[in-house]
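Coordinate analysis (summary)
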Amino acid sequence: MAPERGTLLTAGGLLLLLLAVLVVPSASGCNRGFYERMINDFCFTKFELDMGGVERGLWCSWPDTMETYEALTNCSYQVALRMDCYWPNQVVDRFFVHIHQIYFQDCALTGRLLHDPPVGILGPFIAVPVLVTLLMTALVVWRSKRTEGVL
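The following refers to the structure shown. (Residues numbered from 1 in each chain as written. Predicted model: local features only at pLDDT ≥ 70, side-chain atom pairs only at ≥ 80, totals over all residues. Heavy atoms only, no water.)

This brings us to the packing of aromatic side chains. All chains considered together, the criterion is met by eight aromatic pairs. In textbook terms, an aromatic cluster arises when at least three aromatic residues are bridged by ring pairs, as seen for Phe44, Phe47, Trp59, Tyr69, Phe95, Phe96, Tyr103 and Phe104. (Phe/Tyr/Trp six-rings, centres within 6.5 Å; stacked < 30°, edge-to-face > 60°.)

Set out below in structure tokens:
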């Protein structure tokens, strides 16, 4: 009986799983259901443990999560290779979309955390247009009160 998705594997279960993936090649090609279970039980479990060691506020920081994410990618590739599955494939696509929905849904597309610029930079961008608007309004009012030279 295979472990349920998301459960932690015991040392013996992990060894058996590793042996099944590495030693027993698939004679009939890729078994997508088994491949999906393997990457969930083997790769996702390891990824969950690794991400648990990273502070939640740093999940969107690429330098802090790059090694863990690369290990997950490599794991899914190695399992696919051992099981005669193409990589990437639809199972891997769904797997990574699921990972991103759980861990990276609040991250900016560029990988950088979004925040307001410092007041020293933001202040002039607010003050200059306001002052120009007031100056132009004063100039129009002053010019409209002067009637000399107007035909």
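Taking 1.5 Å per residue as the helical rise, helix H2 (residues 32-52) with its 21 residues ought to reach 30 Å, and the 28 Å between its terminal C-alpha atoms agrees with that figure. The largest bend along H2 reaches roughly 30° and is located at Phe44. Among the residues of H2, those classed as buried are Tyr35, Met38, Ile39, Asn40, Asp41, Cys43, Phe44, Thr45, Phe47 and Met51. (Helix = DSSP H or I, 4+ residues; strand = E, 2+ residues; numbered from the N terminus. Expected span 1.5 Å × (residues − 1). Bend = angle between axes of the 7 residues up to and from the residue. Buried < 20%, exposed > 50% of the residue type's maximum accessible area, 1.4 Å probe, protein only.)

Moving on: the side chain of Asn89. By secondary structure assignment, the location of Asn89 is in the loop between helix H3 (62-82) and helix H4 (90-103). The exposure class assigned to Asn89 is buried, which follows from its relative accessible area of 10%. A distance of 2.6 Å separates a polar atom in the side chain of Asn89 from the backbone oxygen of Tyr86. A distance of 2.9 Å separates a polar atom in the side chain of Asn89 from the backbone nitrogen of Val91. (Polar contact = N/O pair within 3.5 Å; in protein donor to acceptor, adjacent residues only side chain to side chain.)

This next bit is on the packing of H2 against H4. Between two packed helices, the angle of one axis relative to the other and the distance separating the axes together describe the packing. Axis separation between H2 and H4 bottoms out at 11 Å; the angle between their running directions is 30°. One element, H2, and the other, H4, form an angle in the roughly parallel class. Viewed along their axes, H2 and H4 form a crossing whose handedness is right-handed. Between H2 and H4, the contacting residues are Arg32, Tyr35, Glu36, Ile39, Asn40, Cys43, Phe44, Phe47, Glu48 and Met51 on the first element and Gln90, Val91, Val92, Arg94, Phe95, Ile99, Ile102 and Tyr103 on the second. Residues of the contact of H2 with H4, tallied by class, amount to 12 nonpolar, two polar and four charged. (Axes fitted to C-alpha atoms, helices over the stretch in contact; angles between N-to-C directions. Parallel < 35°, antiparallel > 145°, perpendicular 65-115°, else oblique. Left-handed = near helix turned anticlockwise from the far one by under 90°. Contact = heavy atoms within 4.5 Å. Nonpolar A, V, L, I, M, F, W, Y, C, P; charged D, E, K, R; others polar.)

Attention now moves to the pattern of salt bridges. Side chains carrying opposite charge are able to pair once their charged atoms draw close together. Enumeration over the complete set of coordinates arrives at two salt bridges. Between Glu36 and Arg94 there is a salt bridge, and its shortest N-O distance comes to 3.9 Å. One end of the pair, Glu36, is in helix H2; the other, Arg94, is in helix H4, and 58 residues separate them in sequence. A salt bridge links Asp50 to Lys46; its shortest N-O distance comes to 2.9 Å. Within this pair, Asp50 and its partner Lys46 are both found in helix H2, separated by four residues, close to a single helical turn. (Salt bridge = Lys/Arg side-chain N within 4 Å of Asp/Glu carboxyl O.)

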